[in-house]
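Examining the three-dimensional arrangement
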Amino acid sequence: MSSGSLLVAKAVLYFFEWIWSLCVFAVTASDLFASNNGVKVCLFSEKPSVCEYAIAAGVIGWIFLTILAIGVLAGGITGKFGIPPRIEFFTQAFLAVWFFILAIVLSAELPEVRFNAINAVVAFSWMLTIMCLGSAAIAFLERNKMDDDPTMGPPPSSMGVDI
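Residues numbered from 1 in each chain as written. Predicted model: local features only at pLDDT ≥ 70, side-chain atom pairs only at ≥ 80, totals over all residues. Heavy atoms only, no water.

1. Considering the overall build of the chain
So the rule is basically this: A helix here means a DSSP run of H or I that spans at least four residues, while a strand means a run of E at least two residues long, and both kinds are numbered starting from the N terminus. Between buried and exposed lies partly exposed: a residue is buried under 20% and exposed over 50% of the maximum accessible area for its type, with that area taken using a 1.4 Å probe on protein chains only. Contacts are assigned to residue pairs that have any heavy atoms within 4.5 Å of one another. Surface accessibility follows the Shrake-Rupley procedure with a 1.4 Å probe radius. Residue values consider only the protein chains on display as shielding.
Along its length, the chain carries four helices and two strands. Buried positions account for 33% of the 163 residues belonging to the chain. For the chain, long-range pairs separated by at least 24 residues make up 72% of all intrachain contacts whose partners lie at least 6 apart in sequence. Accessible surface, the chain: about 9,500 Å² in total, of which carbon and sulfur atoms supply 71%.

2. What about the packing of helix α2 (residues 48-78) against helix α3 (residues 85-108)?
Basically, it comes down to this: The convention used is that axes are lines fitted to C-alpha atoms, helices contributing only their stretch in contact, and that angles between N-to-C directions extend from 0 to 180 degrees. Note on angle classes: values under 35 degrees are labelled roughly parallel, values over 145 roughly antiparallel, values of 65 to 115 roughly perpendicular, and the remainder oblique. Left-handed describes a crossing whose near helix is turned anticlockwise from the far helix by less than a right angle; the clockwise case is right-handed. Lys, Arg, Asp and Glu make up the charged group, whereas Ala, Val, Leu, Ile, Met, Phe, Trp, Tyr, Cys and Pro make up the nonpolar group; the residues left over, Gly among them, are polar.
The geometry of α2 relative to α3 is characterised by a closest axis approach of 11 Å and an angle of 160° between their N-to-C directions. Judged by the inter-axis angle, α2 sits roughly antiparallel to α3. As for how α2 packs across α3, the hand of that crossing is left-handed. Touching Val50, Tyr53, Ala54, Ala57, Ile60, Gly61, Phe64, Leu65, Leu68 and Val72 of α2 are Glu88, Thr91, Gln92, Phe94, Leu95, Trp98, Phe99, Ile101, Leu102, Val105 and Leu106, all from α3. Its residues assigned to classes, the contact of α2 with α3 comprises 17 nonpolar, three polar and one charged.

3. Things to note about the pattern of salt bridges
To be explicit about the condition: Salt bridges are defined by distance alone: a side-chain nitrogen of Lys or Arg within 4 Å of a carboxyl oxygen of Asp or Glu.
Taken as a whole and judged by the stated rule, the model has two salt bridges. For lysine 10, the salt bridge goes to glutamate 88, with nearest N and O atoms at 3.2 Å. Taken together, the residues lysine 10 in helix α1 (residues 3-32) and glutamate 88 in helix α3 connect sequence positions 78 residues apart. No difference in accessibility class separates lysine 10 from glutamate 88, as the two residues are buried. Several salt bridges converge on common partners, so that one network encompasses Lys10, Glu88 and Glu142.

4. What about the pairing of strand β1 (residues 33-36)?
Here is the rule: Here, strands pair whenever DSSP counts at least two bridges between them.
In this structure, β1 lies alongside strand β2 (residues 39-42), joined through four bridges in antiparallel fashion. Opposite phenylalanine 33, over in β2, you have cysteine 42 as the bridge partner. Where β1 folds back on β2, the antiparallel hairpin that results is connected by two residues, among which asparagine 37 adopts a positive phi of roughly 55°.

That's the geometry; what it means functionally is another story.
So, in structure tokens, the structure goes:
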């Protein structure tokens, strides 16, 4: 894979991750979480903490993805001042675990009567997990490609240090 096709693949994945995380917290906040006479009601379960967690997880993931997308894509376009693939890999791996936990929590709290909004939030959470794993894999491949590049110099482990 060339670096141009990696950048395009990352841009597409980042776009969908960004939109999906926005949908997770927006749909939860607008359709699944309401206040009825001062009492918070969550359509996932009797506990409003499930909806609060979904909103918080979506917002935090969205912020991480926004910062990461700006850094990685700006660095890929300009050729400098980008986020290194190692940082990108670990951030995407963290986000994959983050959205995996969210998907498990939301799936465990599914009510018997399901609305389309509930199904959408659960599906977006699972898809975010898979897309973050895909982005982490691309970052890992890019990192390994940089390690194989002879113009990068010797790897850190072979800089004259004998073990």
